[in-house]
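Coordinate analysis (summary)
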Amino acid sequence: MRTNLLPSAASALAWLERDIPGKEPERIELSRLPFTLGRNESCDYQILSSRVSREHAELVREAGVLLIRDLKSTNGTLVNGQRIDEHRLVDGDLVVIADVQFSYRSNRADSVRKTVTQVMDHNDSAESPEDDAAGDLIHAVRRAHEKLLHRAARNRFQPVFDLVENRCVGYEAAAKPQLPGDTSSTQQILDATDCKLTERLGQLHRLIAAEHFARLPNATFLFVSLQPAEVGADLLPESLSRLAAVAGGKKIVVEIPDSAVVDIPYFRDFRARLRDLGIGVAYDGFAGSPHQIRAQADFAPDYLKLSPALGRGVDKSTQRQQQIKALVEATNELHVQLIAVGVHSENEARTCREIGCRLAQGDHFGHPQTIDWPVDGFAT
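Only a predicted model underlies this, so the values are computations on that prediction, with no experimental measurement involved.

Applying the stated rule across the entire model yields eight aromatic pairs. Taking 5.3 Å as the distance between ring centres and 75° as the angle between the ring planes, the aromatic pair formed by Phe223 and Tyr303 counts as edge-to-face. Here Tyr303 lies in strand β19 (residues 303–306) and Phe223 lies in strand β16 (residues 221–225), a separation of 80 residues in the sequence. For the pair formed by Phe223 and Tyr303, the shared burial category is buried. By way of ring pairs, the aromatic residues Phe221, Phe223 and Tyr303 are connected into one cluster.

Turning our attention to the pairing of β19. Residue alternation in β19 divides its side chains into two sets, Tyr303 and Lys305 and Leu304 and Leu306, and both sets are buried. Relative to β19, strand β18 (residues 280–286) is paired through four bridges, and the arrangement is parallel. Its bridge partner lying in β19, Tyr283 is registered against Leu304. Note that the unit made of β18, helix α6 (residues 290–295) and β19 has a crossover that is right-handed. Across three bridges, β19 lies against strand β20 (residues 337–341) in parallel orientation. By the bridge assignment for β20, Leu304 is matched with Leu338.

Taken together, the side chains of Val262, Ile264 and Tyr266 present a nonpolar region at the surface, about 220 Å² in accessible area. Tracing the backbone through its elements, the reader meets Ile264 in the loop between β17 (251–257) and α5 (265–276).

To continue, consider unusual backbone geometry. Here the amide bond leading from Leu33 into Pro34 is cis, since omega sits at -5°, within 30 degrees of zero. Positive phi outside glycine occurs at Asn166, with the angle close to 55°.

Right, let's talk about empty space enclosed by the protein for a bit. Over the atoms a probe the size of a water molecule is rolled, and this reveals where empty space is left. Under the counting rule described, the total for this entry stands at three cavities of 30 Å³ or more. If you add up the space inside the second largest cavity, you get close to 50 Å³. Surrounding the second largest cavity, Ile293, Gln296, Ala300, Pro301, Leu304, Thr331, Leu334 and Val336 form its lining. A breakdown of the residues in the lining of the second largest cavity according to their chemical character gives six nonpolar, two polar and no charged.

Our focus in this paragraph is the nonpolar core. The biggest cluster of nonpolar side chains holds 54 residues, and the ones touching the most others in it are Leu222 and Ile256. Non-local contacts of Ile256, meaning those with residues more than four positions away in its chain, are made with Leu226, Val231, Val261, Phe267, Phe270, Val281, Ala282, Tyr283 and Asp284. Counting residues in each nonpolar core, the second largest holds 23 residues, with Leu37, Ala57, Leu59 and Ala98 among its members.

Contact geometry of helix α3 (residues 196–213) with helix α4 (residues 236–246) gives a least axis separation of 8 Å together with a crossing angle of 20°. As summarised for this structure, α3 and α4 are arranged roughly parallel, according to the angle between their axes. Helix-helix and strand crossings are classified by hand; for α3 and α4 the assignment is right-handed. Residue-level contacts link Gln203, Arg206, Leu207, Ala210 and Glu211 of α3 to Leu236, Ser239, Leu240, Leu243 and Val246 of α4.

The next point concerns the side chain of Lys305. Locating Lys305 in the fold gives a position in strand β19. Since its relative accessible area comes to 1%, Lys305 is described here as buried. At 2.9 Å, the side chain of Lys305 forms a polar contact with the side chain of Gln361. In contact with Lys305, not counting residues within four places along its chain, are Glu172, Glu255, Ala282, Tyr283, Asp284, Gly285, Phe286, Ile339, Val341 and Gln361.

Within the element layout of this structure, Ser307 appears in the loop between β19 and α7 (308–311). Apart from residues lying up to four places away in sequence, Ser307 is in contact with Gly285, Phe286, Ala287 and Val341.

On to the sheet that holds β18. Strand order around the closed barrel formed by eight strands is β14-β15-β16-β17-β18-β19-β20-β21, with mixed pairing between neighbours. Across this sheet, the average inter-strand angle for adjacent strands is 30°, counted without regard to direction. The pairing of β20 with strand β21 (residues 359–361) spans three bridges and is parallel. Its bridge partner lying in β21, Val341 is registered against Gln361.

Below, the discussion takes up the pattern of salt bridges. It is possible for side chains bearing opposite charge to pair when their charged atoms get close. A full pass over the atoms with the stated rule returns 16 salt bridges. Where Asp91 meets Arg105, a salt bridge forms, and the shortest distance between an N and an O atom there is 3.1 Å. Separated by 14 residues along the polypeptide, Asp91 in the loop between β11 (86–88) and β12 (94–97) and Arg105 in strand β13 (residues 100–106) bring together distant segments of the chain. A relative accessible area of 17% means that Asp91 is categorised as buried. Looking at Arg105, the relative accessible area reads 12%, which means it is buried. Across the pair Glu165 and Arg358 runs a salt bridge whose closest N-O atoms are separated by 3.1 Å. Of the two residues, Glu165 sits in the loop between β14 (155–162) and β15 (167–175) while Arg358 sits in the loop between α9 (346–354) and β21, which places them 193 residues apart along the sequence. The class of Arg358 is partly exposed, set by a relative accessible area of 37%. When salt bridges that share partners are traced, they join Glu58, Glu62, Arg69 and Glu86 into one network.

Calculation criteria
Residues numbered from 1 in each chain as written. Predicted model: local features only at pLDDT ≥ 70, side-chain atom pairs only at ≥ 80, totals over all residues. Heavy atoms only, no water. Phe/Tyr/Trp six-rings, centres within 6.5 Å; stacked < 30°, edge-to-face > 60°. Helix = DSSP H or I, 4+ residues; strand = E, 2+ residues; numbered from the N terminus. Buried < 20%, exposed > 50% of the residue type's maximum accessible area, 1.4 Å probe, protein only. Pairing = 2+ DSSP bridges. Right-handed = clockwise from strand over helix to strand, strands pointing away. Patch = residues over 30% accessible without salt bridge, like charges linked within 9 Å, V, L, I, M, F, W, Y side chains within 5 Å. Areas by Shrake-Rupley, 256 points an atom, 1.4 Å probe, with all protein chains shown as cover. Salt bridge = Lys/Arg side-chain N within 4 Å of Asp/Glu carboxyl O. 1 Å grid on protein atoms, 1.4 Å probe; cavity = no way out; pocket = protein on both sides within 12 Å on 5 of 7 lines; lining within 4 Å. Points joined across faces, edges and corners; volume = space filled by probe spheres on them. Nonpolar A, V, L, I, M, F, W, Y, C, P; charged D, E, K, R; others polar. Core = buried A, V, L, I, M, F, W, Y, C linked by side-chain atoms within 4.5 Å. Contact = heavy atoms within 4.5 Å. Axes fitted to C-alpha atoms, helices over the stretch in contact; angles between N-to-C directions. Parallel < 35°, antiparallel > 145°, perpendicular 65-115°, else oblique. Left-handed = near helix turned anticlockwise from the far one by under 90°. Polar contact = N/O pair within 3.5 Å; in protein donor to acceptor, adjacent residues only side chain to side chain.

Below, the structure is given as C-alpha cells:
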C-alpha cells in the first residue's frame, strides 16, 4: 500500500507502543498514513501470527482526526475491549489485534482523554450497592490502565538475610499501592482476575523491580511474586527469563503461592520450564508437614518460604522449634533452601539459626521499603 508522509514533525505527535513481556515497550512511529498492520510483508507493521489477517487494520487521518479501521479481518480488531469497524483514537486507547496489544499515544491536544480517574463518593444515596460495586470496578480498571500507560508501578523491597554470615543476600519485591482505592476489596478482586490487564501489570511490576535490583549492592537474588492465575501461563517463563538480563545477570526467583502448587502435569511442566531457563522457584507460605515436602520431590522448589505464623514467637515455643527443625531436615534431603519468615526479634533470629534455618526474612532485618537513590546502604 502506498503511504503518504505526514506534515513535518508529525512522527513526534502520534505513535503505538507494543507491549513485549519482560522488555521495554516497542515504539512504533506513525510517520506515514495510511498505516497498515497485518501479516503481509507489505504492511507498514508486520505481525507474525496465524490469527492476524494479511491486511488486518489501518490507521488513517480524516477531517483532522486519526481513525483506526478494521479491514474485514477474520478475528477482528478491539479497542478498549470492544470490537470495532472504525474508531477515533485518543491518547491512551488500547488496541488489540489477535494476542498483540498496543497503546495509542499522542501529544496532540485534540487527542487527549477528557476523563480522569477520581475517587467515588460512596455517600451518594441515589446509587444502589450494585451501582457502587460496578463503579468501583470501573475505576479500578482505569487506575490499572493509567499505571501501564505511565509505567507508574512502584515496588517495596524487603531483605532476605543469611543467618550464618549475618548479611543481606537478596530481596523480595512486592507491589506498593499508589493510588486511593488500590487496597480496596474491588482492587483485590481485579488483581486476582486472570485477564490481559492484570497480566501486563504483573509484568510491569517485575520489570521495574529487576531494573531497580540491578543497582542494589551485594544482593545476589531477587524474589518476584506470581498471582495464582499466572501459574502455568505459556509465555510467562520466557518473560521471566528476560528479567535476569535486566537485573544485570543476577538470579531471579519467582514465588508461587503454596496454595497454587499441585501435582498435575501442567504444573510439573511449568516447573520444569522454569528450571531449564535458569529461573529459581520458591513456594511461598508453606505450613505443611515433612511428608508433604518429600511428596513434592519430583517438582521441588529451590526455596521453601515458611508461613510467617511459624516464625513469629518461635523462640518461646518448643513445639514450633521441633516442627521447623523437621522441615529443615526434609528440605535438606532435597537440597531445598528453607526460609524462615516473620522473624521480628534477635531471639527469634538466633533460634531459627540454631535449629538449622540459614535464610530468614522479617521486620528484624528491615521493613519493606521503596528504594531511595543513591542505593548505598539500602539494606540497613
